[in-house]
Amino acid sequence: MDQIREFVDERQKAWCIQCGDQLGDVATNRDHVPSKALLRKPYPENLPVVDTCVACNKRFSPDEEYLRLFLHCVLIGSTDPERHSDAKIARALQRHKKLRARIERSKTEYRTIAGETRCVWKLEKKRVERIVVKNARGHVCYEYGEPMLGEATRVWTQTLTAMSASEREEFEYDGVVEELAGSPEVGSRMMTRGLTGQDMRDGWVIVQDGVYRFRVQQRCGIVVRSVLSEYFATEVNWSDY
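Residues numbered from 1 in each chain as written. Predicted model: local features only at pLDDT ≥ 70, side-chain atom pairs only at ≥ 80, totals over all residues. Heavy atoms only, no water.

**Student:** Sorry if this is basic, but what is going on with unusual backbone geometry here?
**Tutor:** Phi is mostly negative for residues that are not glycine, and the peptide bonds are mostly trans. Cis rather than trans, the peptide bond between valine 33 and proline 34 has omega equal to 5 degrees. Looking at the secondary structure, you find proline 34 in the loop between β1 (28–32) and β2 (49–53). At aspartate 199, a residue that is not glycine, the phi angle is positive and equals roughly 60 degrees. Looking at the secondary structure, you find aspartate 199 in the loop between α8 (189–196) and β6 (200–201). (Helix = DSSP H or I, 4+ residues; strand = E, 2+ residues; numbered from the N terminus.)

The following block contains the structure:
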């Protein structure tokens, strides 16, 4: 990714964007947004990072590992480590036997009229939503320079394949023209992206092509959309912003 400087009010970054604690009062670290667990090696250069407290960073790790392994298992169609060409994922599945079994239990197989075997995977909604909101807070902070400390008013997830053509069209393109024609915070990275098109395609910021992309919009509040592995779509709203 391109490195983009920002010129926003630094006082907005005095709090942990996840829990709201004053960063000057707690141990801190740099957290990648999106979580590196959702990306693939080699990682892009200049990945977005925000300051968070160490406690929050550790708190999200189990859910990030779950989502990472769940997505890989769904895309491959199996929890069997031998089926995964990614050696890191294969080792993680071998190491986390209980988590692997938990993901396996979420799979339901059925046969189509044509006799084909298909699988349906049921994700753990709360675990996934925690990571989706975590990353959404990070995107708003990094792109707009503002912390979203309040509770999200809407969190939505869906697979792209489960959407109708009209739903997919709305998700992909709704509001793109208004967003690009609008005025993000002066000096923010999103303003620079809107003017230069850096790392952007059709209104989306491309973190890693085919792996992770997102959009941040100001539309009656803040709306953050993301797509993971061109399979899983998310949206987080803060309508009272």
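Now that the structure is up, let's keep going.
**Student:** What should I look at first to understand the packing of helix α2 (residues 61–76) against helix α5 (residues 125–144) in this one?
**Tutor:** When two helices pack together, their arrangement is given by the angle between their axes and by how far apart the axes lie. Contact pair α2 / α5: the axes reach a minimum separation of 9 Å and the direction vectors enclose 105 degrees. Comparing the axis directions of α2 and α5 gives the class roughly perpendicular. On α5, the residues touching Pro62, Asp63, Glu64, Tyr66 and Leu67 of α2 are Arg127, Val128, Arg130, Ile131 and Lys134. Here the contact of α2 with α5 is composed, by residue class, of five nonpolar, no polar and five charged. (Axes fitted to C-alpha atoms, helices over the stretch in contact; angles between N-to-C directions. Parallel < 35°, antiparallel > 145°, perpendicular 65-115°, else oblique. Contact = heavy atoms within 4.5 Å. Nonpolar A, V, L, I, M, F, W, Y, C, P; charged D, E, K, R; others polar.)

**Student:** Mind showing me how you'd approach the nonpolar core here?
**Tutor:** Across soluble globular proteins, nonpolar side chains have a tendency to be buried as a group. Ile103, Val140, Val216 and Trp238 are the most contacted members of the largest nonpolar core, which totals 45 residues. Listing elements by their share of this core, those giving two or more residues are α2, α3 (87–95), α4 (97–105), α5, β7 (204–208), β8 (212–218), β9 (222–228) and β10 (232–238). Excluding residues that lie within four positions of it along the chain, valine 140 makes contacts with Gly145, Glu146, Met148, Val216, Ile222, Val224 and Trp238. Grouped together as the second largest cluster of nonpolar side chains are seven residues, Leu160, Trp204, Val227 and Ala233 included. (Core = buried A, V, L, I, M, F, W, Y, C linked by side-chain atoms within 4.5 Å. Buried < 20%, exposed > 50% of the residue type's maximum accessible area, 1.4 Å probe, protein only.)

**Student:** What should I look at first to understand the pattern of salt bridges in this one?
**Tutor:** Between side chains of opposite charge, pairing is possible as soon as their charged atoms come close. Overall, the coordinates contain 21 salt bridges when judged by the stated rule. Aspartate 31 is the salt-bridge partner of lysine 134, the closest N and O atoms lying 2.9 Å from each other. Of the two residues, lysine 134 is situated in helix α5 and aspartate 31 in strand β1; the sequence distance between them amounts to 103 residues. The pair lysine 134 / aspartate 31 is uniform in exposure class, with both members buried. Between arginine 193 and glutamate 143 there is a salt bridge, with its nearest N and O atoms 2.8 Å apart. Remark: glutamate 143 occurs in helix α5 and arginine 193 occurs in helix α8; sequence separation between them is 50 residues. (Salt bridge = Lys/Arg side-chain N within 4 Å of Asp/Glu carboxyl O.)

**Student:** Help me understand the pairing of strand β4 (residues 117–121) in this model?
**Tutor:** Side-chain direction in a regular strand flips from residue to residue, so the side chains alternate between the two faces of the sheet. Across five bridges, the pairing between strand β3 (residues 107–111) and β4 is antiparallel. Residue tyrosine 110 lies in a different strand from β4, and its bridge partner there is arginine 118. Between the antiparallel neighbours β3 and β4 lie five residues, among them glycine 115 with a positive phi of about 90 degrees. (Pairing = 2+ DSSP bridges.)

**Student:** Would you explain the packing of aromatic side chains in this entry?
**Tutor:** Each aromatic ring pair is described using two quantities: the centre-to-centre distance and the angle formed by the ring planes. Under the defined criterion, the tally for this structure stands at four aromatic pairs. Arranged with centres 5.8 Å apart and planes meeting at 45 degrees, the rings of tryptophan 156 and phenylalanine 171 form a pair that is tilted. Separated by 15 residues along the polypeptide, tryptophan 156 in strand β5 (residues 154–159) and phenylalanine 171 in helix α6 (residues 165–173) bring together distant segments of the chain. Taken together, the ring pairs connect Tyr66, Phe70 and Trp121 into an aromatic cluster. A cation over a ring is seen here: arginine 213 above tryptophan 204, with NZ or CZ 4.5 Å from the ring centre. Above the ring of tryptophan 204, the side-chain terminus of arginine 215 is found at 5.3 Å from the ring centroid. (Phe/Tyr/Trp six-rings, centres within 6.5 Å; stacked < 30°, edge-to-face > 60°. Lys NZ or Arg CZ within 6 Å of the ring centre and 35° of its normal.)

**Student:** What's the story with the packing of α2 against α3 in this structure? I'm lost.
**Tutor:** Relative to each other, α2 and α3 sit at 115 degrees, their axes nearing to 11 Å. Considered as vectors, α2 and α3 are oriented roughly perpendicular to each other. Every pair of crossing elements has a handedness; the one defined by α2 and α3 is left-handed. Across from Glu65, Arg68, Leu69, His72 and Cys73 in α2, the residues of α3 making contact are Lys88, Ile89, Ala92, Leu93 and Arg95. The class makeup of the residues in the contact of α2 with α3 is five nonpolar, one polar and four charged. (Left-handed = near helix turned anticlockwise from the far one by under 90°.)

**Student:** Mind showing me how you'd approach the sheet that holds β10 here?
**Tutor:** Think of a sheet as strands paired side by side through backbone hydrogen bonds, with each pair either parallel or antiparallel. Spatial strand order, β5-β10-β9-β8-β7-β6: six strands in an open sheet with antiparallel pairing. With partners counted over all chains shown, the strands left at the sheet margins are β5 and β6, one partner each. Across the sheet, α5 lies against β5, β8, β9 and β10, angled at about 65 degrees from β8, the strand it touches most.

**Student:** Explain a positive patch on the surface here, please?
**Tutor:** Residues Lys36, Lys41, Lys88, Arg91 and Arg95 make up a contiguous surface patch of positive charge. Structurally, the position occupied by lysine 88 is in helix α3. (Patch = residues over 30% accessible without salt bridge, like charges linked within 9 Å, V, L, I, M, F, W, Y side chains within 5 Å. Areas by Shrake-Rupley, 256 points an atom, 1.4 Å probe, with all protein chains shown as cover. Lys, Arg positive; Asp, Glu negative; His and termini not counted. Charge placed at Lys NZ, Arg CZ, Asp CG, Glu CD.)

Keep in mind these numbers describe shape, not what the thing actually does.
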